[in-house]
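Each chain is listed here by its residues.
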4 protein chains.
Amino acid sequence: MKMDKAALEAFLEREFPQMREMRFRIESWDGKRLRLSMPIDDRHLRPGGTVSGPTMMTLADCAAYLLILGLIGPVALAVTTNLNINFLRKPGVHSLSAEASMLKLGKSLAIAEIVIYSDGHADDPVAHATLTYSIPPAKAA
Amino acid sequence: MKMDKAALEAFLEREFPQMREMRFRIESWDGKRLRLSMPIDDRHLRPGGTVSGPTMMTLADCAAYLLILGLIGPVALAVTTNLNINFLRKPGVHSLSAEASMLKLGKSLAIAEIVIYSDGHADDPVAHATLTYSIPPAKAA
Amino acid sequence: MKMDKAALEAFLEREFPQMREMRFRIESWDGKRLRLSMPIDDRHLRPGGTVSGPTMMTLADCAAYLLILGLIGPVALAVTTNLNINFLRKPGVHSLSAEASMLKLGKSLAIAEIVIYSDGHADDPVAHATLTYSIPPAKAA
Amino acid sequence: MKMDKAALEAFLEREFPQMREMRFRIESWDGKRLRLSMPIDDRHLRPGGTVSGPTMMTLADCAAYLLILGLIGPVALAVTTNLNINFLRKPGVHSLSAEASMLKLGKSLAIAEIVIYSDGHADDPVAHATLTYSIPPAKAA
């Protein structure tokens, strides 16, 4: 672990002020799994009262980014190269939590798996994503 | 074509007020291809001055949704089941345009291809996505 | 569980004779997880002594198919609509095992997750895939 | 263009003898688009007389690999890191052709798009894939 929960929160606050309006919150980070949650309000809802796909993609992308930062440190220029997401069930109007873990952490590519849950339904995930991040060659940071 | 450009714009305005802040604009829709653009401002930028991945995913998802509506009418409950996106190049701080076309329009599944361009660079797309939408059995609309 | 291990093996043998040459073997099936293995020989190798991507895709697709059959019975016409696979590590020249579990089993869509391991390396999967199958409306079987 | 059609064919023959049984044939390669075809016989068929998914994945992967080789030369160790494929229509029992073009050719990643057609149906592709290849740092070749 290169950055702990407090360091990640400070980084998120400083580098992604535009994320503040999403009110993401790191629930836990133990060096293996990172759990990121967000409250749901009207802004994220689609017709039929369901959370929009883009909201879940944003949560998945941010969880993967924090996981990578937590493991390799503040490489602000790591960029997503691929995201694949399957939407599994209609989430309720509850807060969402994304659980991120690393499938592979290589020198130039990191591949993370993200499972998104609607609070109170731990058995039936609402979405499953895999993300690939390209890691720039180390020099400074 | 079941809905023309004006009908799609009215639908977008009515059903997705939360999209208004993204300032999406349908540039063209000819029954085959739909082009959706958005201006870029600070809110969409990541460290390094690049447009965030989630911003492009949101644009791709909305373009695919409008394409399907344009072809089959106001089926508000069509839902995304899968999105795969490859980020190809760092977009500049220009407006983005997504060009959406249909790979397959079946009775229960629609699969769309979306290519995203940074304005002024028509040869080098910044992202490429495929989206699958599940279409509910027709009854009303 | 609609079909047990023996029933799946009989189905595989009868309906997919062309799979016989891959020598797939169901290692276990408990109603939740299905494990399918295959020996590796020269035919599956690429330059550099690694197992080819298509070999792993075939294994993943077959494991997902058997998982669905095991859960819903011999719906021979269920068809793959989407496959996404990330190759994580170079597998050794060992037999491969695919562990398949269901992310969602709906009426018209089933989404499975497959993790592929090189024998003897249970901690570091060599590939991760998600597959979507379209399930035809039930009538006969 | 680093390798022409004849050079690619010789490479395929030499390095992938196991592909010979698939009887892949490069139909055309102009430095932008590569078209690879294969005859279909019983071995590739699934119940219901349709071409198997893995057969189309193998064709897509090989077309992307040849495209990359054609553009950057015999980098035999380029490896697939991600494949996403959508199956669009049931192909007939005709030969298949894959048309490959490059979405991005970077220093360490190449992303290709592959559209697969069933012969005689040029308007309605049977599958659409995107593939990412990781390119090892140049030293020899």
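All values derive from a computational prediction rather than experimental measurement.

Asks: Sorry if this is basic, but what is going on with the overall build of chain A here?
Replies: Counting secondary structure elements, chain A contains two helices and eight strands. The linear arrangement of helices and strands in chain A, starting from the amino end, is α-β-β-β-β-α-β-β-β-β. Within chain A, the fraction of its 141 residues that count as buried is 57%. Of the contacts formed within chain A by residues at least 6 apart in sequence, a portion of 63% connects residues at least 24 apart. Split by element, the accessible area of chain A, about 5800 Å² in all, is 53% carbon and sulfur.

Asks: Looking at this structure, how should I read the interface of chain D and chain A?
Replies: Size of an interface, as often reported, equals the accessible area lost when the parts are brought together. Each partner contributes residues to the interface: chain D has four residues there, and chain A has four residues. In this assembly, chain D packs against chain A so that about 390 Å² is buried in total across both faces, 54% of it on carbon and sulfur atoms. Linking chain D to chain A there are zero salt bridges. Counting the contacts that link chain D with chain A gives zero residue pairs in polar contact (both at pLDDT 80 or more). Counting residues per element, the side of chain D that touches chain A draws most heavily on strand 5 (residues 79-87) of chain D, which supplies three residues.

Asks: What am I meant to see in the relation of the copies chain D and chain A here?
Replies: In the superposition of chain D on chain A (RMSD 0.0 Å, axial shift 0.0 Å), the rotation amounts to 180°. Taken together, the rotation and translation describe the operation of a two-fold axis. When the interface residues of chain D are mapped onto chain A, 100% of them again fall at the interface, so both copies present the same face.

Asks: Sorry, what's going on with the pattern of salt bridges here?
Replies: Once the charged atoms of two side chains with opposite charge are near each other, the side chains can pair. Residue and element names in this part refer to chain A. For the structure on display, the rule yields 20 salt bridges over all chains. Arg 33 is the salt-bridge partner of Glu 99, the closest N and O atoms lying 3.1 Å from each other. With a gap of 66 residues between them, Glu 99 in strand 6 (residues 96-105) and Arg 33 in strand 2 (residues 33-38) connect regions that are remote in the sequence. Measuring nitrogen to oxygen at the nearest pair gives 3.8 Å for the salt bridge that ties Asp 124 to Arg 89. In this pair, Asp 124 sits in the loop between strand 7 (109-118) and strand 8 (127-134) while Arg 89 sits in the loop between strand 5 (79-87) and strand 6, placing the two residues 35 residues apart along the sequence. Of the residues examined, Asp 124 reaches a relative accessible area of 38% and is grouped as partly exposed. A residue is classified by how much of its surface remains accessible, and Arg 89, at 28% relative accessible area, is partly exposed.

Asks: Just checking my understanding: could you explain the side chain of Asn 84 of chain A for this structure?
Replies: Of note, Asn 84 of chain A is situated in strand 5. Given a relative accessible area of 2%, Asn 84 of chain A falls into the buried group.

Asks: What exactly am I supposed to notice about the nonpolar core here?
Replies: The nonpolar side chains of a soluble globular protein tend to be buried, and buried together. In this structure, Ile 114 and Ile 116 of chain C together with Ile 114 and Ile 116 of chain D are the most contacted members of the largest nonpolar core, which totals 88 residues. Not counting residues within four places of it along the chain, the set of residues in contact with Ile 114 of chain C comprises Ala 60, Ala 63, Ala 64, Ala 98, Glu 99, Ala 100, Ala 127, His 128, Ala 129 and Leu 131 of chain C.

Asks: Which parts of the structure should I look at to understand the packing of helix 2 (residues 53-72) of chain A against helix 2 (residues 53-72) of chain B?
Replies: Helix 2 of chain B packs onto helix 2 of chain A with a crossing angle of 155° between their chain directions and a minimal axis gap of 9 Å. With respect to each other, helix 2 of chain A and helix 2 of chain B are oriented roughly antiparallel. In the crossing of helix 2 of chain A with helix 2 of chain B, the sense of the turn from one axis to the other is right-handed. In contact with Pro 54, Met 57, Thr 58 and Asp 61 of chain A of helix 2 of chain A, helix 2 of chain B contributes Pro 54, Met 57, Thr 58 and Asp 61 of chain B. For the contact of helix 2 of chain A with helix 2 of chain B, the class distribution of residues is four nonpolar, two polar and two charged.

Asks: Help me understand helix 2 of chain A, please; the structure alone is not making it clear to me.
Replies: Two residues of an α-helix separated by three or four positions point the same way, owing to the 3.6 residues in each turn. Residue and element names in this part refer to chain A. Counted at 1.5 Å a residue, the expected span for helix 2 with its 20 residues is 28 Å, and the 29 Å between its end C-alpha atoms agrees. Counting buried positions along helix 2 gives 18 out of 20 residues, so the element sits mostly inside the fold. Just past helix 2, the residue Gly 73 takes up positive phi, approximately 90°.

Asks: Quick question: what am I supposed to make of the sheet that holds strand 2 (residues 33-38) of chain B here?
Replies: In spatial order, the strands read 1(A)-2(A)-6(A)-7(A)-8(A)-5(A)-5(B)-8(B)-7(B)-6(B)-2(B)-1(B); together these 12 strands make up an open sheet with antiparallel pairing. The open sheet terminates on both sides in strands that have one partner only, identified here as strand 1 (25-29) of chain A together with strand 1 (25-29) of chain B. Taken over all neighbouring pairs, the strand axes of this sheet differ in orientation by 20° on average, direction set aside. Each of strand 5 of chain A together with strand 1, strand 2, strand 5 (79-87), strand 6 (96-105), strand 7 (109-118) and strand 8 (127-134) of chain B touches helix 2 of chain B; the most contacted strand, strand 6 of chain B, lies at about 50° to it.

Asks: Just checking my understanding: could you explain the environment of Ser 37 of chain B for this structure?
Replies: Residue and element names in this part refer to chain B. Looking at the secondary structure, you find Ser 37 in strand 2. Residue Ser 37 is classed as buried on the basis of its relative accessible area of 8%. Here the alpha-carbon distance between Ser 37 and Ile 26, two residues 11 residues apart in the chain, equals 6.4 Å. Beyond its immediate chain neighbours, meaning those up to four positions away, Ser 37 contacts Arg 23, Phe 24, Arg 25, Glu 27, Leu 96 and Ser 97. At 3.1 Å, the side chain of Ser 37 and the side chain of Glu 27 are in polar contact.

Asks: Explain the sheet that holds strand 8 (residues 127-134) of chain D here, please?
Replies: Remark on secondary structure: sheet strands pair via backbone hydrogen bonds, oriented parallel or antiparallel. Strand order in the open sheet made by the 12 strands is 1(C)-2(C)-6(C)-7(C)-8(C)-5(C)-5(D)-8(D)-7(D)-6(D)-2(D)-1(D), with antiparallel pairing throughout. The sheet terminates laterally at strand 1 (25-29) of chain C together with strand 1 (25-29) of chain D, the two strands that pair on one side only. Neighbour to neighbour, the strand axes of the sheet diverge by 20° on average, direction disregarded. In the sheet, strand 5 (residues 79-87) of chain C pairs with strand 5 of chain D via five bridges, with the strands oriented antiparallel. If you follow Asn 86 of chain C over to strand 5 of chain D, its bridge partner there is Asn 82 of chain D. Sheet contacts for helix 1 (residues 5-15) of chain C: strand 1 and strand 2 (33-38) of chain C; angle to strand 1 of chain C, the most-contacted strand, approximately 155°. Strands strand 1, strand 2, strand 5, strand 6 (96-105), strand 7 (109-118) and strand 8 (127-134) of chain C together with strand 5 of chain D of the sheet are contacted by helix 2 (residues 53-72) of chain C, whose axis makes an angle of about 50° with strand 6 of chain C.

What counts and how
- Residues numbered from 1 in each chain as written.
- Chains lettered and ligands numbered in written order.
- Predicted model: local features only at pLDDT ≥ 70, side-chain atom pairs only at ≥ 80, totals over all residues.
- Heavy atoms only, no water.
- Helix = DSSP H or I, 4+ residues; strand = E, 2+ residues; numbered from the N terminus.
- Buried < 20%, exposed > 50% of the residue type's maximum accessible area, 1.4 Å probe, protein only.
- Contact = heavy atoms within 4.5 Å.
- Areas by Shrake-Rupley, 256 points an atom, 1.4 Å probe, with all protein chains shown as cover.
- Buried area = accessible area lost by both parts, 1.4 Å probe.
- Salt bridge = Lys/Arg side-chain N within 4 Å of Asp/Glu carboxyl O.
- Polar contact = N/O pair within 3.5 Å; in protein donor to acceptor, adjacent residues only side chain to side chain.
- Least-squares fit on C-alpha atoms with pLDDT ≥ 70 in both.
- Core = buried A, V, L, I, M, F, W, Y, C linked by side-chain atoms within 4.5 Å.
- Axes fitted to C-alpha atoms, helices over the stretch in contact; angles between N-to-C directions.
- Parallel < 35°, antiparallel > 145°, perpendicular 65-115°, else oblique.
- Left-handed = near helix turned anticlockwise from the far one by under 90°.
- Nonpolar A, V, L, I, M, F, W, Y, C, P; charged D, E, K, R; others polar.
- Expected span 1.5 Å × (residues − 1).
- Pairing = 2+ DSSP bridges.

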